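Working through the structure, step by step
Listed here are the chains, written in short residue letters.
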Amino acid sequence: MSKMSLHFSIGPVQDFVAQARRTRDFWVGSFLLSYLSGLAIMEVLEVNGEIVFPAVTDQGKIVDPLLKTIEALKKGGKIQKGPSIATLPNRFMSIVPEDFEPQRCVEAVKRGWENIAQAVWERFVKPIAHEGKDTENIWRRQVENFWEISWALGDEKDIDLLERRKNWRNRLLDPEPGDKCTLMGHFQELSGYLRIRERKKQDAFWGSLRKQVGGYELDERERLSAIGLIKRLFPLVAREAIGWDPEQKNYPSTPYLSALPWIVKTAKNFPEIANEYAECASSLPGATHKEDLELFPSLREIADRDTQTREFLSLNGNCFHQAALSNPNLWGQEGGEDPKDEREKCQKALKELMDKVGEKPSSFYALLLMDGDRMGALLRRYNAKKISSALNSFSKNVKVIVQLHNGVLVYAGGDDVLAMVSLEKALSLALKLREAYANAFRETFGDDYKVLEKDGEGTISAALVYAHYNVPLTGVIKEAHDLLDKVAKDETGRDSLAVTVWKGSGRVLTWSAPWKFIKIHDSNIFDEFLNALSKGDKPKEYNFAFFYNLRERIEPLFSQEGKSSEEWMSEEDLIDLLAAEYRKNRERQVDWATAREKAKNILKLCQRVKRKEKEDGKGYLMDVDKTSFQTDGLMLVKFLSQKGVGI
C-alpha cells in the first residue's frame, strides 16, 4: 500500500495560550493545546503511521512523556500522576497509509476537548446555570466552535501542504453578543446578563459560581466565558477530564518569581528573622494561598535542611512587596473589611527584614520565548527525521536547564520554548538554552553542521521581556511574540536575542544583537559591564551619571532627520568623543589610551548589530551599523545592576 503525507494543525494558538491573567492560566493553555495535539498523533500511530515531525518515537517506541501517558491510558492503564509540561507542538507532519481518514484525528481532538469542557461544566457550571440567562447555549456555542483544525493530505514529500491549505482562510466566526469575558475579550461572559441593566443578576450568578469554585479561583472582578473558565478550572478537574493529575498544577505568581532570588538569599542567610516575618505575614487573610516549592529544587533543599523556613518560602508572593502590602484590594476577604492593621504590621516587619538583608526584592521577572529559525527551509533541505532527532535531543535538556536557573518551564516542544524566570537568571538561561540548541544540531549533523550554520539554519532566536509583576500577563506574552518576530528575527536577522523592559506604560527600552555578539568566552557582554559597576572597594569604571550623560549629550547627535552621522563624524571621532566623556567622568585619572579602549567597549552596546547575508549568498556575517548610537544597551546594564529599581 502506498503512503501519503498528512500535515495537521490545531489553532488558534495565540488566542488560547496568550490570554492569561495568572501564570497557571498560561500553563493550562499550553498544556491543553499540547494534549489535544497528542490525541491526534495517537490516531496516526494506531494505524502504524509514522510521525516525521516532531520526533516522538525511537526505534518504534514512544519516547515523548505526554504521548506515552496518553498511550498508556488508551491501553487501559491507570495513572495517578502524569506529566504537566507541554512537550508537543500544535502541529505535526506524518506519513500515513493512503486509505487513512484525517477526520479520525479531527474527531479525537473534538472528543478530548468535549471531555475537558464537560468535566468543568458538570462540576461547577451546571449546578448554577439556571441563575444565568441562556448560559447553557452560550457554553455550547463557545465550546463547539472554538478550535480551528487544519489538515492537508498529499504526496509523501510535500512539505508545504499545510501552509497552502491554511491560506484558504475559510473560518469566520460571528461576533459574540453581550458583555465580554474579562480574560478572553472577544467572547461573551457566561451569565448572559447585560451589566448596564442587569447588574444585580449578573453579580448574583458570578457570586454563586465563586461559591462553587472558591474565591481564590475566581475573584470578584472576573466574569469569564466558557473558554476562559475551562482554562481557569481545568486543574481542579484534570483527573475526570484527561485521566490523570498533572504532576505540577500550581504555578508561582509573578510577584513570587520577581522576589525569588531575594527569598532564597533571606532564607539561607537570615532564617530566624525570615521565620518571624512568616509568622507575621501568615495572619493576613489573603496570605492563605501558599506558593508551591516543588517547581524549585533549590527551595526544596533549603526547606529540607530547615523545615521551619518552609512557611517563609511558601508565602504568597504579594507578601514580599511593600506596594502589594499597601493595596487593600489584595488582602480583604470577599465582602469583608480591609485588614489594615495586619497590613501595616507586615509592611513594618518587611521593611525591617529588608534592612537586615541589605536589599529589596526585585519587582521584575522575565519571560523567555524562543523559536527555531527557518524551520520550513530546514525541513525542505534536510531529512525531516534527522531534524526531529536534533529537536528531540534539545527538548530533553530544556527542563533541567530551566530548573537549574530556578525558572518555570511552561512549554518545550520541538523548536519552541516558553519559560518564566527571575530577573537575575534570565540572560544566563537564554544563553544556556541557545548553547543546548546548537549542541543538539551539532551532535546530530556532525560535520554538516558547519554548512547548516553558515546558511543560517539550525539556529534559534529569542525574546526576553523583563516585566513588572503588576503588568497584565496577556500584554507581556504579546510583547514577547512581537519582540521575537519583529526585532530578533526580522530586524536583527535571526540567530539573535532581543531584550525589552516592560512596565505598565509600555516599553522602557529595547536592545538586540546576534548571539555571537553577546557571548564572550564563558561570560557575556552585559556581565563585563555589571562587573565594572560592582568592584567592591575599588573605584568603579562606570557610574549611572556617565550613562545618562551619553544619552543626553551624544545620542541626540545621531537622530538628526535627513542627515547621516557618517557625513560629519567618523567612528574614530566618536571613540575620541566617548573617551573624553569617560575621562571627564573619572576626573581625568585615566590615561587617553585606556579611555579609548573603554570607549570601544561602550560602542559594543550602543551601535546596532545584526546578522546580514553575504553578497555572494554564501553564509552570514555580523553587520555593525557604525552610523548608529543608542544608549538602550547601557540603560539595560543599569536596569540589571539595580534589579529593576528606579527604571
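Residues numbered from 1 in each chain as written. Predicted model: local features only at pLDDT ≥ 70, side-chain atom pairs only at ≥ 80, totals over all residues. Heavy atoms only, no water.

What follows covers the side chain of Thr492. Note on placement: Thr492 falls in the loop between helix 20 (473–491) and strand 13 (496–503). Owing to a relative accessible area of 1%, Thr492 belongs among the buried residues under this scheme. Within the structure, Thr492 has its side chain in polar contact with the backbone oxygen of Val487 (distance 2.8 Å). Of the polar contacts made by the side chain of Thr492, one reaches the side chain of Ser512; its length is 2.8 Å. Setting aside residues up to four positions removed in sequence, Thr492 forms contacts with Val487, Ser512, Ala513, Pro514, Val609, Lys610 and Arg611. (Helix = DSSP H or I, 4+ residues; strand = E, 2+ residues; numbered from the N terminus. Buried < 20%, exposed > 50% of the residue type's maximum accessible area, 1.4 Å probe, protein only. Polar contact = N/O pair within 3.5 Å; in protein donor to acceptor, adjacent residues only side chain to side chain. Contact = heavy atoms within 4.5 Å.)

Bridge analysis of strand 17 (residues 609–613) against strand 18 (residues 620–624) gives 5 bridges, and the strand direction is antiparallel. Across the sheet, Val609 pairs through a bridge with Val624, a residue of strand 18. Where strand 17 folds back on strand 18, the antiparallel hairpin that results is connected by 6 residues, among which Gly617 adopts a positive phi of roughly 75 degrees. (Pairing = 2+ DSSP bridges.)

Attention now goes to empty space enclosed by the protein. For the structure shown, the criterion picks out 2 cavities of 30 Å³ or more. Taken as a whole, the largest cavity encloses approximately 60 Å³ of empty space. Every residue lining the largest cavity is listed: Ser258, Ala259, Pro261, Trp262, Glu359, Lys360, Pro361, Ser362, Leu423, Glu424 and Lys643. Elements that contribute at least two residues to the lining of the largest cavity include exactly helix 10 (254–269) and helix 18 (423–445). Here the element with the most residues in the lining of the largest cavity is helix 10; it accounts for 4 residues. Tallied by class, the residues present in the lining of the largest cavity amount to 5 nonpolar, 2 polar and 4 charged. Put simply, the second largest cavity is a space of about 30 Å³. Around the second largest cavity sit Arg434, Tyr437, Ala438, Tyr449, Glu453, Gly458, Thr459, Ile460 and Asp495, which together line it. Those elements that place two or more of their residues in the lining of the second largest cavity are helix 18 and helix 19 (448–454). With 3 residues, the top contributor of residues to the lining of the second largest cavity is helix 18. Residue composition of the lining of the second largest cavity, by class: 4 nonpolar, 2 polar and 3 charged. (1 Å grid on protein atoms, 1.4 Å probe; cavity = no way out; pocket = protein on both sides within 12 Å on 5 of 7 lines; lining within 4 Å. Points joined across faces, edges and corners; volume = space filled by probe spheres on them. Nonpolar A, V, L, I, M, F, W, Y, C, P; charged D, E, K, R; others polar.)

Relative to the 21 Å expected for 15 residues at 1.5 Å per residue, helix 25 (residues 592–606) spans 21 Å between its end C-alpha atoms, a close match to the ideal helical length. Looking only at helix 25, the buried set comprises Ala595, Arg596, Lys598, Ala599, Ile602, Leu603, Leu605 and Cys606. Looking straight down helix 25, one finds its buried side chains confined to an arc of 160 degrees; they lie on one side. Its buried side turned inward, helix 25 meets strand 14 (506–514), helix 22 (525–533), helix 23 (544–553), helix 24 (571–585) and helix 26 (632–641). At the N-terminal boundary of helix 25, the capping side chain belongs to Asp591, with an oxygen 3.2 Å from the backbone nitrogen of Ala593. (Expected span 1.5 Å × (residues − 1). Arc of directions from axis to C-beta.)

Below, the discussion takes up the sheet that holds strand 2 (residues 50–53). Read from one edge to the other, the open sheet built from 4 strands follows the order 2-6-1-7, with strand pairing classed as antiparallel. Each edge of the open sheet is held by one strand with a lone partner, namely strand 2 and strand 7 (148–154). Each neighbouring strand pair of the sheet contributes to a mean axis angle of 25 degrees, computed without reference to strand direction. Here 7 bridges tie strand 1 (residues 3–11) to strand 6 (residues 91–97), and the two strands are oriented antiparallel to one another. When the bridges of strand 6 are listed, Phe8 appears paired with Phe92. Against the sheet, helix 4 (residues 103–125) contacts strand 1, strand 6 and strand 7, and its axis sits at roughly 25 degrees relative to strand 1. Where helix 17 (residues 384–404) meets the sheet, its contacts fall on strand 2 and strand 6, and the angle it forms with strand 2 comes to roughly 75 degrees. (Axes fitted to C-alpha atoms, helices over the stretch in contact; angles between N-to-C directions.)

With that settled, the discussion passes to the nonpolar core. Among the nonpolar cores identified, the biggest contains 220 residues, and Trp139, Tyr277, Phe312 and Tyr466 are the most heavily contacted of them. Per-element accounting of this core gives the leading share, 14 residues, to helix 2 (residues 23–45). Beyond its immediate sequence surroundings of up to four residues, Trp139 is in contact with Ala117, Val120, Trp121, Val125, Leu190, Ala226, Leu229 and Ile230. (Core = buried A, V, L, I, M, F, W, Y, C linked by side-chain atoms within 4.5 Å.)

Turning next to the packing of aromatic side chains. Note on aromatic pairs: each is described by the distance of the centres and the angle between the planes. One pass over the full model with this rule turns up 31 aromatic pairs. When the centroid spacing of 6.0 Å and the interplanar angle of 85 degrees are considered together, the rings of Phe16 and Trp113 count as edge-to-face. Placement of the pair is Phe16 in helix 1 (residues 13–17) and Trp113 in helix 4, with a sequence separation of 97 residues. Note on accessibility: Phe16 and Trp113 belong to one class, buried. Here the aromatic rings of Trp113 and Trp147 are separated by 5.4 Å at their centres, their planes lie at 85 degrees, and the arrangement is edge-to-face. Of the two residues, Trp113 sits in helix 4 while Trp147 sits in the loop between helix 5 (135–144) and strand 7, which places them 34 residues apart along the sequence. No difference in accessibility class separates Trp113 from Trp147, as the two residues are buried. (Phe/Tyr/Trp six-rings, centres within 6.5 Å; stacked < 30°, edge-to-face > 60°.)

This part covers the confidence of the model for the protein chain. Predicted confidence across the protein chain gives a mean pLDDT of 88, with 93% of residues reaching 70 or more. Across residues 164–171, confidence stays below pLDDT 50; counting only partners more than four residues off in sequence or on other chains, it has 11 contacts. (pLDDT = per-residue confidence, 0-100.)

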